[in-house]
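Breakdown of the fold
The lines below spell out each chain.
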Amino acid sequence: MVRSTRPRPDRRHAPPRDPAATRAPTTTARTKAPTTVPTTQARRRAPRRGRCAGRRRRGPGHGPGHPHPVRRRPVRSDPSATATVAAPSDDVLDRLDAVLSATADRPRITWAVDPALVAAARATEPGSTAHRWVERLTAATGSREVLTLPAHDPDLAALAHASADALLAEAVAAAQAQTDPVLGASVRTDVAWPPGAGPDAATARLAAGAGATSLVVDGDLLAPAGLTYTPTGRATVPAGGVRPTADTSAGTQAATAGIAALVTDPVLTAHLDAPTDTTTAAAVQRVLAETAVITRERPSEQRHLLVAVDRGWDPDPAVASAQLAALATAPWVELAPVSTLAAAPDPGVERPALPTQAVADAEIPPGQVAALLRARDELKDFAGIVPDPAALLDGVDDAVHIPLSVAWRAEPVQRTAVVDGIVTDLAARRSGVSVVPGSDLYLGSESGRFPLGLRNDLPQDVTVRVALTPRSPVLVIDEAQTVTIPAGSETQVRVPFHAVGSGDVRVAVALLGPDGAPIAAPELFTVRVRADWENVGTGVVAGLLALALVVGIVRTIRRGQTAQRGAGSTPVSEIARLPEESA
């Protein structure tokens, strides 16, 4: 059938697009020929402009969302301290409550949930606002389809552009490791939901590499040209280096390089996300009219449409509930979970290719991502010197992942401050072991051991290797010393050496971990080597001793014999005659 009343180029009813805004799967509604209606998510929100049937959109960090992305507000603690995972604030919970109220009684609406937020809310005191909210969320889950976002809802596009595949793999693994009744017995992380106006080819490759089999794509990005009807919101986009063919039935090599694209319907999404109608009845009639027109285009063909509301959806529960109730009871529409669309075949409609790379201004820059990774890697290397590395690394992974969240697109200046604070904090954690500064050393022998002071300000004992590198061949350090420094104390290590000459030598002292990697920048000091002075000193001492001996002998001779030694008054001649006289 020919589409007659739904010209796609006309976006008069679509809300203004905010480059920082992201979309969340809402549900799928099938026209009988099916369509698909919104999926929902509960998670971090990015602020966006517009009005929602009289309900004011909140600014950054305000209000909860729809069981579409469950999210945490960006950390606003002192940037000098490592960012931490905290329960959502009351204003965020208010928005999440609105989302829950609008969708709780529609079990075919899929929720996409940030597991880090759910875990933080569940860890709060029973009876607190956050704990009551997560209990409501749990009660409304039932057998509903729940998609688990990577932990902390990282910005997939930013990670792709920073070549930070490992960070996404970590976030997915952290999500899969969560156990919570909201997430279900089998945690699903197979649907990737990039932020912004839609993913580029680099983001699609990243998502597929992390295990995603489906990718939510903005309908405007893959809008087919020249069609007179609305096709099923399902396509195939490249996930490797090969563009897949439209016909995947043959199982060709090109098809295996693709990932399923779940293409949103921009018009229906706009009417649910931020209806511009002045009354609830008008908002309801708007979505019914849109789906009726789609059905009439091809009444004998079942088609699936995806409605993916914004991550920061802040609905008027009465309006959103009325719209969803109308869709659920319309004879030409059947609500269905997102997995229904993901399992649908690619209709083979010719669509434009994804851009090779499209970088949004609000993305976290690759340099900041690299700085976070470098700071964490250096701390992990450092942690090998303590008996309990986990204690030293506590909270580090969360700290690195938090500024990568999509929600920080709304506040890039504050995000930069947080990144700088995290990098500084991680560096401070590995600054507790050092060489005690002192005066220059003096060595007056050819070999021996000289002392070197070491300090440990950490709350754990540390074991390090002390390696000295002289910058002159005059001094040779025999071997590196391994020493254990008790927690919160100083100790001294005696370093063996031998000298082959004399002179002032600059020596670099490096403290090394068990793998031989330096744990701090080398310290420089001067050693004054006077190895020949030992020989000179020995000669001088020996000469003095010989002189003292000679002087002693001379004095003894000059004194002559004493009476006690047999000296008497009898002349020698008389002594000589004594034997004769006695005869």
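Here goes a summary of the coordinates provided. All residue numbers refer to positions counted from 1 along the written sequence of the respective chain. This being a predicted model, a pLDDT of at least 70 is required before a residue's local features are given, and a value of 80 or more before pairs of side-chain atoms are given or counted; all residues contribute to the totals for chains, interfaces and linings. Only hydrogens and water are removed before side-chain values are computed, so all heavy atoms of the structure are retained for them.

**Concerning the overall build of the protein**
A run of H or I in DSSP becomes a helix once it reaches four residues, and a run of E becomes a strand once it reaches two; helices and strands are each numbered from the N terminus. Within the protein, the secondary structure is distributed over 17 helices and 21 strands. Per-residue accessibility, obtained with a 1.4 Å probe over protein chains only, is compared with the maximum for each type, and a residue is labelled buried under 20%, exposed over 50%, and partly exposed between these values. The 583 residues of the protein split such that 49% are buried. Across the protein, the fraction of contacts at a sequence separation of at least 24, relative to all contacts at a separation of at least 6, is 79%. Methods summary: accessible areas were calculated by the Shrake-Rupley approach with a probe of 1.4 Å, and residue burial reflects only the protein chains presented. When the accessible surface of the protein is totalled, it reaches about 25200 Å², and 55% of it is carbon and sulfur. Here, residues are in contact when the closest pair of their heavy atoms is within 4.5 Å.

**Focus on the packing of aromatic side chains**
Here the aromatic set is Phe, Tyr and Trp, taking the six-membered ring for Trp, and pairing holds for ring centres within 6.5 Å; pairs whose planes are under 30 degrees apart are stacked, those over 60 apart are edge-to-face, and all others are tilted. Evaluated as defined, the whole model comprises 1 aromatic pair. For the cation-ring pair, Arg 298 lies above Tyr 229, with the distance from its terminal atom to the ring centre recorded as 3.6 Å. Two thresholds decide whether a charge sits over a ring: the Lys NZ or Arg CZ must be within 6 Å of the ring centre and within 35 degrees of the ring normal. One cation-aromatic arrangement involves Arg 311 over Trp 193; the distance from NZ or CZ to the ring centre is 3.6 Å.

**Points about the environment of Gly 348**
Of note, Gly 348 is situated in the loop between α11 (338-343) and α12 (366-382). The sequence separation of Gly 348 and Thr 232 amounts to 116 residues, and the corresponding C-alpha distance is 9.8 Å.

**Quick word on the packing of helix α1 (residues 90-103) against helix α10 (residues 317-329)**
When two helices pack together, their arrangement is captured by the angle between the axes and the distance separating the axes. What counts as an axis is a line fitted to C-alpha atoms, over the stretch in contact for a helix, and the angles between N-to-C directions run from 0 to 180 degrees. Interhelical geometry of α1 versus α10 gives an angle of 30° and a closest axis separation of 8 Å. With respect to their mutual orientation, α1 and α10 come out roughly parallel. Of the two possible hands of crossing, α1 and α10 adopt the one that is right-handed. Packed against α1, whose contacting residues are Ala 98, Ser 101, Ala 102 and Thr 103, the element α10 presents Pro 317, Ala 320, Ser 321 and Leu 324 at the interface. An angle counts as roughly parallel when it lies under 35 degrees, as roughly antiparallel when it exceeds 145, as roughly perpendicular when it falls between 65 and 115, and as oblique in every other case. Here a crossing is taken to be left-handed if its near helix is turned anticlockwise relative to the far helix by less than a right angle, and right-handed if that turn runs clockwise.

**A short note on the nonpolar core**
Most often, soluble globular proteins have nonpolar side chains that are buried together. Grouping buried Ala, Val, Leu, Ile, Met, Phe, Trp, Tyr and Cys residues that are joined through side-chain atoms within 4.5 Å yields what is termed a nonpolar core. Of all hydrophobic cores here, the largest spans 73 residues; its most connected members are Val 433, Val 466 and Leu 468. Ranked by residue count, the leading element in this core is α12, at 5 residues. If near-sequence neighbours (up to four positions away) are discounted, Val 466 is found in contact with Leu 452, Leu 454, Ala 480, Gln 481, Val 483, Val 493, Val 509, Ala 510 and Leu 511. One finds Ala 130, Leu 183, Val 309 and Leu 335 within the second-largest nonpolar core, a separate group that totals 38 residues.

**Remarks on the pairing of strand β15 (residues 447-456)**
As defined by bridge partners, strand β13 (residues 433-435) adjoins β15 across 3 bridges and the pair is classed as antiparallel. Residue pairing for β15: Ser 434 is matched across the bridge by Arg 455. In terms of strand pairing, β15 meets strand β19 (residues 489-499) through 10 bridges, oriented antiparallel. The residue of β19 that forms the bridge with Arg 449 is Pro 496. Note: two strands are recorded as paired if DSSP finds a minimum of 2 bridges between them.

**Some remarks on the sheet that holds strand β18 (residues 481-485)**
What links the strands of a sheet is backbone hydrogen bonding, and the strands pair in either a parallel or an antiparallel sense. Taken together, the 5 strands give an open sheet; going across it, the order is β14-β21-β20-β16-β18, and neighbouring strands pair in mixed fashion. The sheet is open, and its two edges are formed by β14 (441-443) and β18, each paired on a single side. Averaged over all neighbouring strand pairs, the angle between strand axes comes to 35°, with direction disregarded.

**Concerning helix α8 (residues 266-273)**
Of all 8 residues making up α8, 8 are buried, and the element is well covered by its neighbours. By the burial criterion, the buried members of α8 are Pro 266, Val 267, Leu 268, Thr 269, Ala 270, His 271, Leu 272 and Asp 273. Side-chain atoms alone can form a polar contact between residues adjacent in sequence; in general such a contact is a pair of N or O atoms within 3.5 Å, and within protein one must be able to donate a hydrogen while the other accepts it. By the N-cap criterion, in which a side-chain oxygen at the helix start approaches the backbone nitrogen of a residue two or three places on, α8 is capped by Asp 265, the distance to Val 267 being 3.3 Å.

**Quick look at unusual backbone geometry**
The residue His 152 is not glycine, and still its phi comes out positive at about 75°. With respect to the helices and strands, His 152 occurs in the loop between β6 (146-148) and α4 (156-161). The exposure class of His 152 is buried, given its relative accessible area of 4%.

**Thoughts on the packing of helix α2 (residues 115-122) against helix α3 (residues 129-141)**
Running from N to C, α2 and α3 cross one another at 120°; their axes reach a closest spacing of 8 Å. Here α2 is positioned oblique relative to α3, judged by the angle of their axes. With respect to the hand of their crossing, α2 and α3 are arranged in left-handed fashion. Side by side, α2 and α3 meet where Val 118, Ala 121 and Arg 122 of the first sit next to Ala 130, His 131, Trp 133, Val 134, Leu 137 and Thr 138 of the second. Residues were grouped as follows: Ala, Val, Leu, Ile, Met, Phe, Trp, Tyr, Cys and Pro as nonpolar; Asp, Glu, Lys and Arg as charged; and all remaining residues, including Gly, as polar. Taken together, the residues of the contact of α2 with α3 break down into 6 nonpolar, 2 polar and 1 charged.

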